[in-house]
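Inside the fold
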Amino acid sequence: MQQPVVWLVEDEISIADTLIYMLQQEGFAVKAFERGLPVLEEASRQAPALAILDVGLPDISGFELCRRLLAQHPSLPVLFLTARSDEVDKLLGLEMGADDYVAKPFSPREVCARVRTILRRMQKSAAPSEIVRIGQFELNEPAARISWCGEALPLTRYEFLLLKTLLQAPGRVFSRQQLMDKVWGEDGDSFDRTVDTHIKTLRAKLRAVNEELSPISTHRGMGYSLGLY
């Protein structure tokens, strides 16, 4: 069985060496980079199963690197490593489409566990199902694509999973915790504002297609629901 390839972008040699060893022990093939720009060059030819990015790289910020990588490979799972622990930085990474965020110092075993969790969640979300029309939406689950008013939405993986959850139960009010459990699973208690952040970006992408319709409703003190047009 072929080993999943993980790209590790980390300029601190001691941290990189430890993570490479642990990831290899867990059955991953690792390609390490000390700079971000060579990663973009490599990404023009291929993509890994997952990318681990340090935020504080010498040549380009990890956030900018994430943005450019996801522009090339929208479904690429990304895990951030950073010395910063501010909530604003965490939310910025999540808004860009990253899957998780680990602040230094961290346990290498925890990083490996999070990598496994992200990849396992991806496998589950890739399970095939029928393409269905729901109001003005079209859900193409095998392709991980949702169209709205005839136009495909440029969704990150978690935006797709969040909107899919709302679509599969139109009119139902989901609490934030229910959405965290359904979309983020084992990492559902990571950040209190994760759901709100992703709802905000979803609404912006829906408005970009049709400014007149607003299908996602906020129920104060309760959560969110999706209405059909």
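A quick note: this is a predicted structure, and the numbers were derived from the prediction, not measured.

Cut-offs used in this document
- Residues numbered from 1 in each chain as written.
- Predicted model: local features only at pLDDT ≥ 70, side-chain atom pairs only at ≥ 80, totals over all residues.
- Heavy atoms only, no water.
- Phe/Tyr/Trp six-rings, centres within 6.5 Å; stacked < 30°, edge-to-face > 60°.
- Lys NZ or Arg CZ within 6 Å of the ring centre and 35° of its normal.
- Pairing = 2+ DSSP bridges.
- Helix = DSSP H or I, 4+ residues; strand = E, 2+ residues; numbered from the N terminus.
- Axes fitted to C-alpha atoms, helices over the stretch in contact; angles between N-to-C directions.
- Salt bridge = Lys/Arg side-chain N within 4 Å of Asp/Glu carboxyl O.
- Buried < 20%, exposed > 50% of the residue type's maximum accessible area, 1.4 Å probe, protein only.
- Contact = heavy atoms within 4.5 Å.
- Parallel < 35°, antiparallel > 145°, perpendicular 65-115°, else oblique.
- Left-handed = near helix turned anticlockwise from the far one by under 90°.
- Nonpolar A, V, L, I, M, F, W, Y, C, P; charged D, E, K, R; others polar.

The geometry of an aromatic ring pair is captured by the separation of the ring centres together with the interplanar angle, meaning the angle of the planes. Under the counting rule described, the total for this entry stands at 5 aromatic pairs. Here the aromatic cluster, defined as three or more aromatic residues joined through ring pairs, consists of Phe 63, Phe 80 and Tyr 101. Lying over the aromatic face of Tyr 158, Arg 157 brings its terminal NZ or CZ to 5.8 Å of the ring centre.

Taken together, the 5 strands give an open sheet; going across it, the order is E2-E1-E3-E4-E5, and neighbouring strands pair in parallel fashion. Each edge of the open sheet carries a strand with a single partner, namely strand E2 (29-33) and strand E5 (100-103). Direction aside, neighbouring strands of the sheet carry axes that sit 20° apart on average. Note that strand E1 (residues 5-9) and E2 share 5 bridges and pair parallel. If you follow Trp 7 over to E2, its bridge partner there is Lys 31.

Counting across every chain of the model gives 16 salt bridges. With its nearest N and O atoms 3.3 Å apart, the salt bridge here joins Arg 133 to Glu 138. By relative accessible area, which is 61% here, Arg 133 ends up exposed. Assessed through its relative accessible area of 27%, Glu 138 is described here as partly exposed. Measuring nitrogen to oxygen at the nearest pair gives 2.9 Å for the salt bridge that ties Glu 141 to Lys 164. Placement of the pair is Glu 141 in the loop between strand E7 (137-140) and strand E8 (145-148) and Lys 164 in helix H6 (residues 157-167), with a sequence separation of 23 residues. Like Lys 164, Glu 141 is buried. When salt bridges with common partners are traced through the structure, they connect Glu 10, Glu 12, Asp 54 and Lys 104 into a single cluster.

Our focus in this paragraph is the sheet that holds E7. Spatial ordering of the open sheet is given by E6-E7-E8-E9, a layout of 4 strands whose pairing is antiparallel. One side of each edge strand has no neighbouring strand; the edge strands of this open sheet are strand E6 (132-134) and strand E9 (151-152). Sheet analysis places E7 next to E8, joined by 4 bridges and oriented antiparallel. Counted as the bridge partner of Glu 138 is Ser 147 from E8. Relative to E8, H6 is tilted by about 65°, and along the sheet it contacts E6, E7 and E8.

Here H6 crosses helix H7 (residues 176-184) at 120°, and the two axes come no closer than 10 Å. Considering the angle they form, H6 stands oblique to H7. Note that H6 runs across H7; the crossing there is right-handed. Between H6 and H7, the residues in contact are Tyr 158, Leu 161, Leu 162, Thr 165 and Leu 166 and Leu 179, Lys 182, Val 183 and Trp 184, respectively. Classifying every residue of the contact of H6 with H7 by side-chain character gives 7 nonpolar, 1 polar and 1 charged.

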